[in-house]
Amino acid sequence: MPVTPTEQIWRNGNWIKWEDATLHVLSHVVSYGSAVFEGIRCYDTKQGPAIFRLREHIQRLINSAKIYRMELPYSVEQFGNVATELVRRNKLNACYVKPMVLRGYGEVGVNPLNSPIDCYMACWTWGAYLGPEALSKGVEVGVSSWTRIAPNTLPAMSKAAANYMNSQLIRMEAQFNGYTEGIALDTDGHVSEGSGMNVFLVHEGKLYTPPLATSILPGITRDAIVTIAQDLDIPVKETVIPREMLYIADEVFFVGTAVEVTPIRSVDHIQVGKGSMGPVTRRIQEEFFALTSGTKQDRHNWLTPVNAPVSAVR
Ligand SMILES: Cc1ncc(COP(=O)(O)O)c(C=O)c1O
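The rules behind the values
Residues numbered from 1 in each chain as written. Predicted model: local features only at pLDDT ≥ 70, side-chain atom pairs only at ≥ 80, totals over all residues. Heavy atoms only, no water. Helix = DSSP H or I, 4+ residues; strand = E, 2+ residues; numbered from the N terminus. Buried < 20%, exposed > 50% of the residue type's maximum accessible area, 1.4 Å probe, protein only. Contact = heavy atoms within 4.5 Å. Pairing = 2+ DSSP bridges. Near = heavy atom within 4 Å. Polar contact = N/O pair within 3.5 Å; in protein donor to acceptor, adjacent residues only side chain to side chain. Areas by Shrake-Rupley, 256 points an atom, 1.4 Å probe, with all protein chains shown as cover. 1 Å grid on protein atoms, 1.4 Å probe; cavity = no way out; pocket = protein on both sides within 12 Å on 5 of 7 lines; lining within 4 Å. Sits in = over half its atoms within 2 Å of the grid points. Expected span 1.5 Å × (residues − 1). Points joined across faces, edges and corners; volume = space filled by probe spheres on them. Nonpolar A, V, L, I, M, F, W, Y, C, P; charged D, E, K, R; others polar. Axes fitted to C-alpha atoms, helices over the stretch in contact; angles between N-to-C directions. Parallel < 35°, antiparallel > 145°, perpendicular 65-115°, else oblique. Left-handed = near helix turned anticlockwise from the far one by under 90°. Patch = residues over 30% accessible without salt bridge, like charges linked within 9 Å, V, L, I, M, F, W, Y side chains within 5 Å. Salt bridge = Lys/Arg side-chain N within 4 Å of Asp/Glu carboxyl O.

**Some thoughts on the side chain of Ser167**
And step 1. Note that Ser167 resides in helix α5 (residues 163-176).
And step 2. A residue is classified by how much of its surface remains accessible, and Ser167, at 4% relative accessible area, is buried.
And step 3. Among all residues touching Ser167, those that are not within four sequence positions of it are Arg148 and Ser195.

See the structure below:
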């Protein structure tokens, strides 16, 4: 996905030009993948640009860093205020906001502790991740031959750059096999998640999603979808899901900051339901977009307005 440069990026408390946000090639992160990050959407709502679940994303960033013993000098509020100022300074409406924490240029060698921790935040314009048709027509996916990261190897709960080497294998394999995306299984062969998105399925009127112990990222959209389902009186169960449930489910869909709510038409060339967006997916997708576009009242306080006069990170 090509990126259009914006004007400014935030680095360690200062505003710098997009083109000045460069690293030394011997920075620790380059050799050892030592970075954690977030991906957050800012929606162009009816009430002006607003960042979706900003507080939860920043809290996950801080958690991701804590797992790797990275001490951060900024609080949720401070990072949150940077995010809103960043979007304002770059004069964007709908965009993607990416905070990053990395081990910079210090010592060479595996031990990260003597390399500085650098914090960055950038944003840029962003549309539908899997193309505009994916949200309405759905996508074709395949179960990956790559297993999701095993428990107690790379911590899946940390949104760490290194985890995305596994995601890249899943994503590339899917593309070479003619699928839009892949679904990875965990080390026990149970459904885990996509390369950068969580999975839900509908079976006999109930919604199912795999639990944290199946090596998933604790998705913030996943959490929002569970809440939306409860609001809509759709029963939700977080449980271990065998692979074959993907084939017999009435509906399967991806959720995530990037994919939002994207229906899945087929898995391993086996048609899911009627091969188009199912009624439960549609209700959830409509409610999700009604909330993120501001056409429905923000009843869960999920939107932080970018142009609010006082700091109100939500
Ligand atoms: C591996 C992985 N799983 C799930 C998700 C979905 O998480 P969220 O809804 O917080 O974007 C992402 C995206 O960040 C991801 O990279």
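**Re the pairing of strand β10 (residues 191-194)**
And step 1. Across three bridges, the pairing between strand β9 (residues 181-185) and β10 is antiparallel. When the sheet's bridge partners are listed, Ile183 is paired in β10 with Gly194.

**Description of the site of the ligand**
And step 1. By nearness alone, 16 residues border the ligand, and Lys159, Tyr164, Glu193, Thr221 and Thr257 come closest of all.
And step 2. Here Arg60 contributes a side-chain N or O atom positioned 2.8 Å from an oxygen atom of the ligand.
And step 3. One of the backbone N or O atoms of Ile220 is found 2.8 Å from an oxygen atom in the ligand.
And step 4. In the complex, 96% of the free accessible area of the ligand, which totals 380 Å², lies under the protein chains.
And step 5. Because more than half of its atoms lie within 2 Å of the grid, the ligand is assigned to the largest pocket.

**Description of the side chain of Thr6**
And step 1. Mapped onto the elements, Thr6 comes out in the segment before β1 (8-11).
And step 2. Residue classification places Thr6 among the buried residues on the basis of a relative accessible area of 13%.
And step 3. A distance of 3.0 Å separates a polar side-chain atom of Thr6 from the backbone oxygen of Cys123.
And step 4. Ignoring any residue separated from it by four or fewer positions in sequence, one finds Thr6 in contact with Trp18, Asn90, Leu92, Cys123 and Trp124.

**Topic: helix α3 (residues 76-89)**
And step 1. An ideal rise of 1.5 Å per residue puts 20 Å on 14 residues; α3 measures up with 20 Å between its terminal C-alpha atoms.
And step 2. For α3, the full list of buried residues reads Val76, Phe79, Gly80, Val82, Ala83, Thr84, Leu86 and Val87.
And step 3. Count one or two residues on from α3 and you reach Lys91, which has phi positive near 55°.

**Concerning the layout of surface pockets**
And step 1. In this model, the largest pocket occupies a volume close to 820 Å³.
And step 2. The wall of the largest pocket is formed by 37 residues, among which Phe37, Tyr96, Tyr129, Lys159 and Tyr164 lie closest to the centre.
And step 3. Those elements that provide at least two residues to the lining of the largest pocket are α2 (54-67), β6 (95-103), α5, β10, α6 (220-231) and β14 (251-256).
And step 4. When residues of the lining of the largest pocket are assigned to their parent elements, the largest contribution, five residues, is made by α5.
And step 5. Among the residues making up the lining of the largest pocket, the classes are represented as 16 nonpolar, 14 polar and seven charged.

**A short note on empty space enclosed by the protein**
And step 1. For the structure on display, the rule yields two cavities of 30 Å³ or more.
And step 2. As a volume, the largest cavity reaches approximately 40 Å³.
And step 3. Lining the largest cavity we find Asp250, Glu251, Val252, Pro263, Ile264, Val272, Ser276, Met277, Gly278 and Thr281.
And step 4. Of all the secondary-structure elements, those providing two or more residues to the lining of the largest cavity are β14 and β15 (260-267).

**Some points on the packing of α6 against helix α8 (residues 279-292)**
And step 1. Contact geometry of α6 with α8 gives a least axis separation of 10 Å together with a crossing angle of 110°. As summarised for this structure, α6 and α8 are arranged roughly perpendicular, according to the angle between their axes. Taking contact as the criterion, the partners of Thr221, Ile225 and Ile228 in α6 are, on α8, Ile284, Glu287, Phe288 and Leu291.
And step 2. Looking at the contact of α6 with α8 residue by residue, the classes come out as five nonpolar, one polar and one charged.

**Quick notes on the packing of α2 against α3**
And step 1. Where α2 meets α3, the closest approach of the two axes is 9 Å, and the angle between their N-to-C directions is 125°. Taken as axis vectors, α2 and α3 run oblique relative to one another. Crossing hand, α2 versus α3: right-handed. Where α2 approaches α3, its residues Leu54, Arg55, Ile58, Gln59, Leu61 and Ile62 are matched on the opposing element by Val76, Glu77, Phe79, Gly80, Ala83 and Thr84.
And step 2. Class assignment of the residues belonging to the contact of α2 with α3 gives a composition of seven nonpolar, three polar and two charged.

**Observations regarding a nonpolar patch on the surface**
And step 1. On the surface, Leu23, Val25, Leu26, Val30, Tyr105 and Val108 cluster together into a nonpolar patch covering about 600 Å² of accessible area.
And step 2. Assignment of secondary structure puts Leu23 in the loop between β2 (14-17) and α1 (28-32).

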